[in-house]
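Results of the structural survey
Okay, here's what each chain looks like letter by letter:
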Amino acid sequence: MQKEELGILRILEGTPGFGIQITAVGLWLALVFAAAAIAKQIASNPELVRKVVHIGTGNVILLAWWLQVPAELGIAAAIAASIVTLLSYWFPILPAIDSVGRKSLGTFFYAVSIGILVAAFWHLEQPQYAAIGILTMAWGDGLAALVGQNFGRHKYKILGNKKSWEGTTTMVAVSFVVCSSLLLATQGNCWQTWVSATLVAIAAASLETISQLGIDNLTVPLASASLAFWFGLLSL
């Protein structure tokens, strides 16, 4: 098939061209980092800056889903991001998101999880599960950290991790909202939607609580997506 014919088919199918996809994702990431720069100037809080980037970049999965970005492009971007974030563990490449007073491979695991989920669920034509995994981590962990840091008054400790009940409760609630919203949009209002969202929320919060060195940025997305997908298969 000639290139001209492929272009016509793409237009008829409603899939944006490669240039539009790249431009849209690039503009969104530019907006995220601009917001992080503003937050850094206003609040002078490294954790806030980190979470602005954490939440903002996670939402790229929705943009990729909407624009039907090819799996190969998403995987390539995740590999590139993984390399950069891994290097930033030793070198000050990303000081804005790595200068929070602790050593963590969280940003590296985050990029890896995006690549794995895109590779798995794009080819299955089930992108909603990739979105569930990434957004559960992006919004759930991001808001839980901010709530715990600023409003956490009831502390507890598990496996050496200091947590707060306020932060953990936020993780459960936000994860439930994220998962149930995406499942409502894709499979409708049925009992499987609510049970699946509940299980995902509990699992995500549990994994986040016991994580070390930022490994929750890998385990939470993969477990959330896999659990929702597995439960979806059972309900067929």
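Within each chain, residues carry numbers counting from 1 in the order of the written sequence. With the structure being a predicted model, the display of local features is reserved for residues of pLDDT at least 70 and the display and counting of side-chain atom pairs for 80 or more, all residues being used for whole-chain, interface and lining totals. Side-chain figures throughout are based on the complete set of non-hydrogen atoms in the structure, without hydrogens or water.

**Overview of helix α5 (residues 71-87)**
With 17 residues, α5 ought to run about 24 Å at 1.5 Å a step, and its terminal C-alpha atoms sit 24 Å apart, in line with that. For the exposure calls, accessible area comes from a 1.4 Å probe over protein chains only, and a residue counts as buried if that area is under 20% of its type's maximum, exposed if over 50%, partly exposed in between. Helix and strand assignments follow DSSP, with helices taken as H or I runs no shorter than four residues and strands as E runs no shorter than two, numbered in order from the N terminus. For α5, the set of buried residues is Ala-71, Gly-74, Ala-78, Ser-82 and Thr-85. The buried residues of α5 occupy an angular sector of 75° when the element is viewed end-on, so they sit on one face. Multiplying 1.5 Å by the residue count of a helix minus one yields the expected span of that helix. Along the arc lie the directions from the helix axis toward the C-beta atoms.

**Topic: the packing of helix α8 (residues 127-151) against helix α9 (residues 165-187)**
The axes used here are C-alpha line fits, helices contributing only the stretch in contact, and every angle between their N-to-C directions lies in the interval 0 to 180 degrees. The interhelical angle for the contact between α8 and α9, taken along N-to-C directions, is 155°, at an axis separation of 8 Å. Comparing their axes, α9 and α8 come out roughly antiparallel. Regarding α8 and α9, the two cross each other, and that crossing is right-handed. Broken down by class, the residue content of the contact of α8 with α9 amounts to 15 nonpolar, nine polar and two charged. Throughout this description, any angle smaller than 35 degrees is read as roughly parallel, any larger than 145 degrees as roughly antiparallel, any in the 65 to 115 degree range as roughly perpendicular, and the remainder as oblique. Take the far helix as your reference; a near helix turned counterclockwise from it by less than a right angle gives a left-handed crossing, and one turned clockwise gives a right-handed crossing. Gly falls in the polar group here, along with every residue not listed as nonpolar (Ala, Val, Leu, Ile, Met, Phe, Trp, Tyr, Cys, Pro) or charged (Asp, Glu, Lys, Arg).

**Describing the pairing of strand β1 (residues 155-158)**
Pairs of strands are assigned from DSSP output, requiring at least two bridges between the strands. Judged from the four bridges that link them, β1 and strand β2 (residues 161-164) form a sheet pairing that is antiparallel. From the neighbouring strand, Ile-158 faces β2, where its bridge partner is Asn-161. The turn joining β1 and β2, which pair antiparallel and follow one another in sequence, is formed by two residues; a positive phi near 50° is taken by Leu-159.

**Points about the side chain of Ser-175**
Structurally, Ser-175 is set in helix α9. Apart from the residues lying within four places of it in its own chain, the contact partners of Ser-175 are Thr-136, Gly-140, Ala-201 and Ala-204. In this description, contact between two residues means that some pair of their heavy atoms is separated by no more than 4.5 Å.

**With respect to helix α10 (residues 191-210)**
Spacing of three or four residues puts side chains on the same side of an α-helix, whose turn is 3.6 residues. Its 20 residues give α10 an end-to-end C-alpha distance of 29 Å, which sits within 8% of 28 Å, the value for a rise of 1.5 Å per residue. Looking only at α10, the buried set comprises Gln-192, Thr-193, Ser-196, Ala-197, Val-200, Ala-201, Ala-204, Ala-205, Glu-208 and Thr-209. Tucked into the core, α10 has its buried residues touching α8, β1, β2, α9 and α11 (216-234).

**Structural notes on the packing of aromatic side chains**
Between the rings of Phe, Tyr and Trp (Trp by its six-membered ring), a pair exists once the centres lie within 6.5 Å; its type follows the angle of the planes, with under 30 degrees stacked, over 60 edge-to-face, and the other angles tilted. Per the stated rule, a full pass over the model turns up seven aromatic pairs. Look at Phe-108 and Phe-109: their rings are 5.6 Å apart centre to centre, the planes differ by 50°, and that puts the pair in the tilted class. An angle of 75° between the planes, with centres 5.3 Å apart, marks the rings of Tyr-129 and Phe-229 as edge-to-face. One end of the pair, Tyr-129, is in helix α8; the other, Phe-229, is in helix α11, with 100 residues separating them in the sequence. Joined through ring pairs, the aromatic side chains of Phe-121, Tyr-129 and Phe-229 make up one cluster.

**Focus: a nonpolar patch on the surface**
Patches were defined on residues exceeding 30% relative accessible area and lacking a salt bridge, with like-charge contacts within 9 Å and nonpolar side-chain contacts (Val, Leu, Ile, Met, Phe, Trp, Tyr) within 5 Å. Only the protein chains shown count as cover for residues, with accessible areas throughout obtained via the Shrake-Rupley method and a probe of 1.4 Å. The working definition used for a salt bridge is a side-chain nitrogen of Lys or Arg within 4 Å of a carboxyl oxygen of Asp or Glu. A cluster of nonpolar residues, Ile-79, Ile-83 and Leu-87, forms a patch on the protein surface that exposes about 270 Å² of accessible area. Along the chain, the position of Ile-83 falls in helix α5.

**Re the pattern of salt bridges**
In this structure the tally under the stated criterion is two salt bridges. The shortest N-O distance in the salt bridge between Lys-51 and Asp-141 comes to 3.1 Å. Within this pair, whereas Lys-51 is found in helix α3 (residues 46-58), its partner Asp-141 is found in helix α8, the two being separated by 90 residues in sequence. With respect to burial, Lys-51 and Asp-141 carry one shared label: buried. Across the pair Glu-208 and Lys-163 runs a salt bridge, and its minimum N-O distance is 2.9 Å. Here Glu-208, found in helix α10, pairs with Lys-163, found in strand β2; they are 45 residues apart in sequence, far enough to count as distant. You'll find Glu-208 and Lys-163 in the same group, each marked buried.

**Things to note about the side chain of Ser-224**
Along the polypeptide, Ser-224 turns up in helix α11. In this structure Ser-224 comes out as buried when scored by relative accessible area, which is 2%. Nitrogen and oxygen atoms within 3.5 Å of one another constitute a polar contact, given that in protein one can donate a hydrogen and the other can accept it, and given that sequence-neighbouring residues count only through two side-chain atoms. Of note is the side chain of Ser-224, whose polar atom sits 2.7 Å from the backbone oxygen of Val-220. In this view, Ser-224 contacts Ile-132, Gly-133, Thr-136, Val-200 and Ala-204; residues no more than four positions away in its chain are not counted.

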